[in-house]
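Residues per chain are reported as follows:
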Amino acid sequence: MDKEQEKDYFESLISLEYNFTAGSATTRFLEAIAKGNIVGQKCPKCGAVYVPPRGSCPRDGVPTLEEIQLPDYGCIESFTVVHIPIPGNPIEPPFVSAMIRLDGANISFLHLIQEIALEDIRIGMRVKAVWKPETEWTTSLENIKWFKPTGEVDINPESLKFISS
Amino acid sequence: MKRIGIVGYSQNKIKRDAGSANEVELIMPVVHKVLETTNLTQSHIDFTCSGSCDYLQGAAFAFVEGLNAIQTYPPIKESHVEMDAAWALYESYLRILSGEAEIALVYGFGKSSPGNLDQIMSLQLDPYYVAPLSPDRVNLAGLQANSMIKAGILTREEMYLAISAASRNGLNNPNAIKIDNPSWDEYLMGEIVSSPLTKFDCSPVSDGASAMIIATEDACEKFNLSPVWIDKIGHQVDSANLGFRDLTQVKPVSDLLEKFKIDLSSIDVIESHTQFSHEVVLLSKIFNCSIEEINPSGGPLVGNVMMAAGLDAIGHTFEKLQNHSAKTGLAHAASGPCLQQNLLAYLRCDS
Amino acid sequence: MIPAAVIGIGQTKYDSKRRDVSMPGLIREAIDKAIIQAGVEWQDIDAVVLGKAPDMFEGVMMPELFLADAIGAYNKPLLRVHTAGSVGGSTAIMAATHITSGQYKCVLTVSFEKQSESNATWALSPKYPYTPHINAGAGGYFAPYMREYIRRSKAPEHIGWQVAVKDRRNANLNPLAHLQIPNIDLEMVKNTPMLWEPLRYLESCPSSDGACALVIASKEVAKGKNAAWIKGMSIRSEGTLSAGRDEVNPLAGQMCAKDIYSQAGITNPLKEIDCAEIYVPFSWYEPMWLENLGFAELNQGWKFTDSGKTELSGEIPFNMSGGVLSSNPIGASGMIRFGEAALQVMGLAGEHQVDNANVAMGHAYGGAAQFFAMWIVSSHQ
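Calculation notes
Residues numbered from 1 in each chain as written. Chains lettered and ligands numbered in written order. Predicted model: local features only at pLDDT ≥ 70, side-chain atom pairs only at ≥ 80, totals over all residues. Helix = DSSP H or I, 4+ residues; strand = E, 2+ residues; numbered from the N terminus. Rg over C-alpha atoms; globule rule 2.2 N^0.38 Å. Buried ≥ 20, exposed ≤ 12 C-beta atoms within 10 Å, placed from the backbone. Contact = placed C-beta atoms within 7 Å. Nonpolar A, V, L, I, M, F, W, Y, C, P; charged D, E, K, R; others polar. Arc of directions from axis to C-beta. Pairing = 2+ DSSP bridges. Axes fitted to C-alpha atoms, helices over the stretch in contact; angles between N-to-C directions. Parallel < 35°, antiparallel > 145°, perpendicular 65-115°, else oblique. Domains from an automatic or database assignment. Core = buried A, V, L, I, M, F, W, Y, C linked by C-beta atoms within 7 Å.

**Structural notes on the overall build of chain A**
- Counting secondary structure elements, chain A contains two helices and 10 strands.
- Tracing chain A from N to C terminus, the helices and strands come up as α-α-β-β-β-β-β-β-β-β-β-β.
- Taken over the C-alpha trace, chain A has a radius of gyration of 19 Å; the compact-globule value for 165 residues is 15 Å, which it surpasses by more than 25%.
- The principal-axis extents of the C-alpha atoms in chain A amount to approximately 65 × 40 × 35 Å.
- Taking all 165 residues of chain A together, 37% fall into the buried category.
- Long-range contacts, defined here as pairs at least 24 residues apart, represent 56% of the contacts in chain A between residues at least 6 apart.

See below:
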């Protein structure tokens, strides 16, 4: 802070600690991912598959109890190249934050894309998870280091449109 | 003016720690239950309003997560107050009066167990003049209790009476937390949290959620619902400056009672949002009823879900009227240090 | 619907750090202006409705409680709305609902954010356990949807720059706007650093301190006053993680717009609405919302921008005040849109006034493009 600021400003940090709870649906997902499995949940009404699951289908307002094993590959629904640092995150920009849509899932989640030149990344590109060594696995989606291209033909993004069952 | 009634209310069993349940898992059961009891579906609801507080969960936009518990396709008319859900009820009431909706769903949820509630609530205070002194919510409640003792309108006996009554009434409330019912001697020896308040005088840290449905008279007829009418409802806030207030009074409540022009002696059931024993005493005096009579559910001393406890006071009052054990009821919700902000709802059954 | 009208609008000077005022001081700057313009007294105010985005932006939980005295809510009903970024809009609607419910005659509503009290990007990028921490603030969240819009519409890159330039040129006509960039042009925007592709620095909103207040009144109170009559208002929400949600062209936005048009008797928004203040925090949201709100056909919105239709003198001026791209106190940004729409139909918008504006639209969105609040105001009752 410069002198001028010091006259009328001071920093007063607020620190609060919380025990974060993931929820029982997400807990089951995390327990599976600790073993290298990706488990989504299916809506009994519209058939949508959610991953990571929160325990509900907001489309229908019902619990999603049926669990579905999902593969660790899918496509890039969309993405951005981030050129600025994230507060509190050591990751070096530029990096790619992508919406990953696993095959068989009806929503995407954010993850990193690596092992490809930034300018070659496309919407619809097929990608596969790159896992950390098994010894480092915990109950976290961070067990996947990032996703990398598979080299398969891109999918048509229109085919990602959800059709209720 | 069109008549609006409460047609259903549901509450989770209150827990000191709801464990791993997330927002969705807290809210969904109460929403489903209240729909079930009214034979309505989510598509009958044309306005939804919730009450919650980001700081309890420790994340910005925590309420957005909660919305995943509700059917939102096709998109719904929905709003959120960063307040107790009693005020979400008030918002819904105005929406219905304005003709925007016929049937509204209200829900409130709070999970206080993950953080240090006393520390968190201190963030409500004036950040320039009061918060730096770090009083927590129990300190401020103690300040109010002491003012009452000094003014000769509160005794330890009365505080004890409020705790015993809450503990006793809580036994008949299946959703209540079981609390200690200390003997008089045990109470006097109780660990002081903030003089004169002992741990017995404070409501337990609680996790839970509640939901309510209100509807117009037309909708009640159409869907065969049995309403308890919201005859009068209003709210008012007091000064934030504690030194500017008479802490032995609750001006907003007195002002609202004056506006309502109701005969207090004719009210069958009163539920108040009183988080400390001295608040029970204070409100029972304002409502002109005995300490044993107020809060037949046990009140917040046997379960105090932040952001839902005010709605619960209204819900418990509704239940008594719905099962015809009472004809008229008065419910009170509060927010802010030392009962700064208050809401009153006067409920009535058709005779 | 019982008629309701805006009779007073007050705004602060928006800036990155309003060090000269406290939170109550900032809010009072807006409230005092609104009350003076409305020509009412404190005792005429029946209730106060306050809106703001997450409390973590200032580090005060439910700040309306400590602000009760400063905002004149003492001894009155006080409501606090929080619907994420759309909150300024939903708060204005909640205040107007006080009037349309028939229960109140004159209501004060205010929304604010003093983002300099904290770090907004931090508050928006929490590190949750168990998930990769790559949520890089609001821009990082919305950028993939803008990229998807570009893919669908095949819009050229310069559209984003054009929106950025147009809104900042408008801001130069609005002395309250935070960003004042006199010599703004496409080259300047194009040469600013890339933040979240496809968004460059000047294609993104600033982080501002500021407040906006409105006085909303019944027909009786508004009688004889310059007023903006509310002809339609509505809100819509959809669940963040709902399957089948189209984040690029959200159904909630389409439905909300249809609702207010039908309330206001509008069948052709492009022809019947004279100007609009639309929540555009990132450049590409102008063409996206042009389509979502029914001004342009699907995938054609960018052609409106390209041909100058959204300029101050265009067919449907968007963000005459400079918009969110020029001033962004998050919790107030929605109410500023609603208030600026009112200023236009009252003929009080000063240098950024659209000639003969009789019908104007205010719009706000929030969350993961899932919460919408909109209204139509008119110079005629």
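**Considerations on the interface of chain C and chain B**
- Listed by partner, the interface residues are 48 residues for chain C and 48 residues for chain B.
- Take the side of chain C that touches chain B: its biggest share by element is five residues, from helix α2 (residues 87-100) of chain C.
- Its residues assigned to classes, the side of chain C that touches chain B comprises 25 nonpolar, 17 polar and six charged.

**Some points on helix α10 (residues 251-260) of chain B**
Residues and elements named next belong to chain B.
- Pro252, Val253, Leu256 and Leu257 are the residues of α10 that are buried. Projected onto a plane normal to the axis of α10, the buried residues spread over an arc of 135° and lie on a single side. Turned more than 90 degrees from where α10 packs its buried face, Glu258 and Lys259 sit exposed.
- Buried positions along α10 lie against β8 (228-237), α11 (277-286), β10 (328-335) and β11 (341-348).
- Taken from the residues just after α10, lysine 261 is the one with a positive phi, measuring 50°.

**Here we look at the environment of Gly58(B)**
- Inspection of the secondary structure puts Gly58(B) in the loop between α2 (54-57) and α3 (62-66).
- Gly58(B) sits 11 residues away from Ala69(B) along the chain, and the two C-alpha atoms are 19 Å apart.
- Sequence-distant contacts of Gly58(B), that is, excluding residues within four places in its chain, are made with Leu16(A), Tyr18(A), Pro114(B) and Gly115(B).

**As for the sheet that holds strand β2 (residues 49-50) of chain A**
Residues and elements named next belong to chain A.
- Judged by pairing direction, the sheet is antiparallel, and its three strands sit side by side in the order β2-β1-β5 without closing on themselves. The open sheet has two edge strands with one neighbour each: β2 and β5 (66-70).
- With two bridges joining them, strand β1 (residues 38-42) and β2 adopt antiparallel strand pairing. Bridging from a neighbouring strand, glutamine 41 pairs with tyrosine 50 of β2.
- Against the sheet, helix α2 (residues 24-33) touches β1 and β5, its axis set at about 150° to β1.

**Re the pairing of β11(B)**
All names here are of chain B.
- The buried fraction of β11 is high, at seven of eight residues.
- Relative to β11, β8 runs antiparallel, the two sharing eight bridges. For lysine 232, the partnering residue across the bridge sits in β11 and is tyrosine 346.
- In this structure, β10 lies alongside β11, joined through eight bridges in antiparallel fashion. Paired with glycine 329 across the two strands is leucine 347, which belongs to β11.
- If you look at the hairpin formed by β10 and β11, you'll find five residues sitting between the two strands, and glycine 336 has a positive phi there, around 85°.

**Topic: the packing of helix α4 (residues 85-97) of chain B against helix α12 (residues 309-322) of chain B**
Residues and elements named next belong to chain B.
- Where α4 meets α12, the closest approach of the two axes is 5 Å, and the angle between their N-to-C directions is 65°. Considering the angle they form, α4 stands roughly perpendicular to α12. Together, Ala85, Ala86 and Leu89 of α4 and Gly310, Leu311 and Ile314 of α12 make up the contact between the two elements.
- Split into classes, the residues belonging to the contact of α4 with α12 amount to five nonpolar, one polar and no charged.

**As for the domain arrangement of chain B**
Residue and element names in this part refer to chain B.
- Once the domains are mapped, chain B shows domain 1 (4-116 + 205-230) and domain 2 (117-204 + 233-348).
- Distance between the C-alpha centres of domain 1 and domain 2: 23 Å.
- Going through the elements one at a time, β1 (4-11), α2, α4, β4 (103-111), β7 (207-216) and β8 are the ones with two or more residues in the side of domain 1 that touches domain 2.
- It is α4 that contributes the most residues to the side of domain 1 that touches domain 2, six residues altogether.

**Considering the interface of chain C and chain A**
- Listed per partner, the contact involves 33 residues of chain C and 37 residues of chain A.
- If you list the elements that add at least two residues to the side of chain C that touches chain A, you get α3 (120-124), α4 (137-153) and β5 (194-196) of chain C.
- When residues of the side of chain C that touches chain A are assigned to their parent elements, the largest contribution, seven residues, is made by α4(C).
- Of the residues that constitute the side of chain C that touches chain A, the class distribution is 16 nonpolar, 11 polar and six charged.

**Some words on the nonpolar core**
- Val31(B), Leu89(B), Val106(B), Ile214(B), Ala5(C), Ile216(C) and Val377(C) are the most contacted members of the largest nonpolar core, which totals 302 residues.
- Taken domain by domain, this core gets at least three of its residues from each of domain 1 (4-116 + 205-230) and domain 2 (117-204 + 233-348) of chain B.

**Topic: unusual backbone geometry**
- With an omega of -5°, the peptide bond running from Pro93(A) to Pro94(A) counts as cis.
- The residue Pro94(A) is located in the loop between β6 (73-82) and β7 (95-102) in this model.
- Here the amide bond leading from Ser195(B) into Pro196(B) is cis, since omega sits at 5°, within 30 degrees of zero.
- Its location among the elements puts Pro196(B) in the loop between β5 (192-194) and β6 (197-198).
- For Asn288(B), which is not a glycine, the phi torsion comes out positive at approximately 60°.
- Structurally, the position occupied by Asn288(B) is in the loop between α11 and α12.
- The exposure class assigned to Asn288(B) is partly exposed, which follows from the 13 C-beta atoms found within 10 Å.

**Quick notes on the environment of Leu282(B)**
All names here are of chain B.
- Along the chain, the position of leucine 282 falls in helix α11.
- For leucine 282, a count of 27 C-beta atoms within 10 Å corresponds to the buried category.
- Along the sequence, leucine 282 and leucine 247 sit 35 residues apart, while their C-alpha atoms lie 9.9 Å from each other.

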